[in-house]
Structure formats: C-alpha cells, structure tokens
Amino acid sequence: MSEMQNIQWFPGHMTKTKRKIQSSLKLVDAVAEIIDARIPISSRNPDLAQIIQSKPRLVLINKCDMANQTATKMWIEHFKRQGITAIAIDCKSGRGLNQFAPAVNKVLAQRLEKLKSKGMINPMLRIMIVGIPNVGKSSFINRIAKQNRAKVEDRPGVTRGNQWYTIAKNLEMLDTPGVLWPKFDDKIVGEHLAFTGAVKDQILDIELLAVRLLDFLKKLKPKDFIERFKLEDADIENIESYELLELIGKKRGMLVSGGEVNTERAAIMLLDEFRAAKLGRITVEMPYEE
Ligand code: G4P
C-alpha cells in the first residue's frame, strides 16, 4: 500500500504542493487544519508544523458525527494541553461550525491587538484550510460559503486568482484548501486511513483489511457492532478474525456454491458499514496512543 501512495505523492508532487501552500501562507494570518475525528493521528500531515513554521493554527476535528463523543472531547483536551485550539465539527449537519470564527479570533487575539495598536481600525484577518485528502475540506468550505455572504473577488493588492469568503465581519477565508499528504510510510497509518475509506480500496487487499478491522473491533467490542451481527461473546473471544469474517458473511447469507462463505463480499460489506458508522460511532485512535 505504501508503495502506491508513494506513487500518488511522488517527491516532485510533494515539493510542488508544499510550495503552493507556502505561497498561500504569505496571504493568511492563520491556518486551520482539518482532521478526521475517527483517526486524529493518521489524518494529520506529518510535516505541517515544519511547513507553516510559526504561523498560528487551529485544528478542526471533522466528521464528529461518526466518532465517539467522549473520545472527541478527550482529543480537544489533548490538543489544549499542547497549546493548540481545537473544535469539533460535523460538515454533514453543520454542527460546531458556529464555533469556527470565535476560535480563529481566539487564536489570533495577539495579532489583532498588535494590528490595533498600530492604529488599524478594523483589521481584517485571513485564514486558509489545509488537510489530507478526504477529511472534508471541500465540505467545510462549501458549508461556510453557503452560510456566509458571497465571495469577495478581485481584492486590490491580493494576487489575482485568489478568492476569499467573508466569514465574519473581520475574517476572510481563502476559497482553495491546501491539500497535504498523509504519513504514508507507516503501515498502521495506512491501515487506519483505509478503514475510514480515505485511501482507495483498489490498492488494498480488501479481505486483509477487513481482518485487521476485525482485530480492532474484537478488542473494542462496540455495542452496535455486536448487536448488528448478533454476535456472542464466544464469537469474539474464541475465534480468529478471519473466522469471524466468515461468520459475519454467513449470517448475512453471503454463500457461494458448496456452502463456502464469500469472504470478499463480506469484507466489502463490513468496511462499507464501518465507514457509514453503522457499526457505531467509533474512534480508532485515542490521544494516549500519540
Ligand atoms: P476533501 O475536500 O478534504 O477531499 O473532502 P470532501 O469534502 O470531499 O469530503 C470527503 C467525504 O467525506 C465526502 O463524502 C463528504 O460528504 C464526507 N464528509 C465530509 N465531512 C463530513 C462530516 O462531518 N461527516 C460525515 N459523515 N461525512 C463528511 P463522499 O461520500 O466522498 O461524497 P458525498 O457522498 O458526500 O457526495
């Protein structure tokens, strides 16, 4: 898998992406990094701190509708302890988005004071969105754009081609997000990205992935998962994950001629249901694992 992702993010591509983000960085006062609430470790870009240097930032923990609420709260606290402002959002329903402008203002309070002390009356703050593919950058920008006034276009003094959304009276957001690469050289990160569907299934062995997901679910034992497949404790405790995949397939009637279970179909079904949060609101990575 890591080989395929390396092809997707070959070094030249990474360099170009980095340069593009760095040039946008010159136009903004802060960076909002979107991450996936289910995998807050794996959905972060490993080089972000180095790319944005001292630029103030905040973290938007997206897809909270699919993650465990207690875990999300723990993540917010975890970031807080690191001095990073984080808010929980859900771009599907729009929940939490009203915290965005206040959070940016908080992160930029010092800068705002500085600008005001220099005599600027209503200083305008600018922010850009960054994140790895599939974390919800476009969803976020579209939602914010719909909620707020039309784009501010062709602003004098700003490079042509850059467009901004006014999202509060003193706040503008760049309309194009910075797309960053994940930490693809780590096998666990690759697996967790694949669990959530952030990387394409064609590049993975789907049954192996389902088995790895079952390894995790067997430990966590989410109530919805157990109930959905009417599993007994013995199913979870005493059998290998591959056998559990067979059992799940059998329960869903996924048999081929000869009575064997079609484990590929079972794997696809299991992953689809996990990705749609039908097995529960599950957070795969906890703060103490970081
Ligand atoms: P990107 O720009 O960072 O690449 O991500 P994008 O907004 O395209 O979102 C990727 C997928 O995640 C989309 O689903 C989107 O609807 C979904 N998504 C984004 N934010 C949230 C959220 O807070 N909660 C949930 N449940 N889903 C979210 P898709 O299946 O690829 O597209 P579509 O079916 O929505 O059209």
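Coordinates for the structure precede this section.
These remarks concern the structure in this document. (Residues numbered from 1 in each chain as written. Predicted model: local features only at pLDDT ≥ 70, side-chain atom pairs only at ≥ 80, totals over all residues. Heavy atoms only, no water.)

Before going further, it helps to examine the site of the ligand. Taken together, the neighbourhood of the ligand is formed by 15 residues, with Asp65, Cys91, Lys137, Ser138 and Ser139 sitting nearest. One of the side-chain N or O atoms of serine 139 is found 2.6 Å from an oxygen atom in the ligand. If the ligand stood free it would expose 710 Å²; the protein chains cover 62% of that surface. Considering each element in turn, the shell around the ligand owes the most residues, 3 residues, to helix α7 (residues 137–147). Taken together, the residues of the shell around the ligand sort by class into 5 nonpolar, 5 polar and 5 charged. (Near = heavy atom within 4 Å. Polar contact = N/O pair within 3.5 Å; in protein donor to acceptor, adjacent residues only side chain to side chain. Areas by Shrake-Rupley, 256 points an atom, 1.4 Å probe, with all protein chains shown as cover. Helix = DSSP H or I, 4+ residues; strand = E, 2+ residues; numbered from the N terminus. Nonpolar A, V, L, I, M, F, W, Y, C, P; charged D, E, K, R; others polar.)

In this section: the packing of helix α12 (residues 241–251) against helix α13 (residues 263–275). As a packed pair, α12 and α13 sit with axes 9 Å apart at the nearest point and diverge in direction by 85 degrees. Comparing the axis directions of α12 and α13 gives the class roughly perpendicular. Contacts from Tyr242, Leu245, Glu246, Ile248 and Gly249 in α12 reach Thr263, Ala266, Ala267, Met269 and Leu270 in α13. Tallied by class, the residues present in the contact of α12 with α13 amount to 7 nonpolar, 2 polar and 1 charged. (Axes fitted to C-alpha atoms, helices over the stretch in contact; angles between N-to-C directions. Parallel < 35°, antiparallel > 145°, perpendicular 65-115°, else oblique. Contact = heavy atoms within 4.5 Å.)

A separate point is the pattern of salt bridges. In the structure shown here, the tally under the stated rule is 11 salt bridges. In this structure, glutamate 33 and arginine 57 form a salt bridge, with 4.0 Å as the shortest nitrogen-oxygen distance. Separated by 24 residues along the polypeptide, glutamate 33 in strand β1 (residues 30–36) and arginine 57 in strand β2 (residues 57–62) bring together distant segments of the chain. Overall, arginine 57 belongs to the partly exposed group, its relative accessible area being 24%. Across the salt bridge formed by arginine 38 and aspartate 36, the nearest N and O atoms sit 2.8 Å from each other. As far as burial versus exposure is concerned, arginine 38 and aspartate 36 are alike and both buried. Linked through salt bridges whose partners overlap, the residues forming this network are Lys187, Glu191, Arg212 and Asp215. (Salt bridge = Lys/Arg side-chain N within 4 Å of Asp/Glu carboxyl O. Buried < 20%, exposed > 50% of the residue type's maximum accessible area, 1.4 Å probe, protein only.)

Taking 1.5 Å per residue, 15 residues should reach 21 Å; helix α9 (residues 206–220) reaches 21 Å between its end C-alpha atoms and fits that length. Among the residues making up α9, those that are buried are Ile206, Leu209, Ala210, Val211, Leu213, Leu214, Phe216, Leu217 and Lys218. Looking at the buried residues of α9, the elements they touch are α8 (187–195), α10 (223–228), α11 (233–238), α12 and α13. Two or three places before glutamate 207, at the opening of α9, aspartate 205 has a side-chain oxygen 3.1 Å from that residue's backbone nitrogen. Backbone geometry just after α9 places lysine 221 at a positive phi near 50 degrees. (Expected span 1.5 Å × (residues − 1).)

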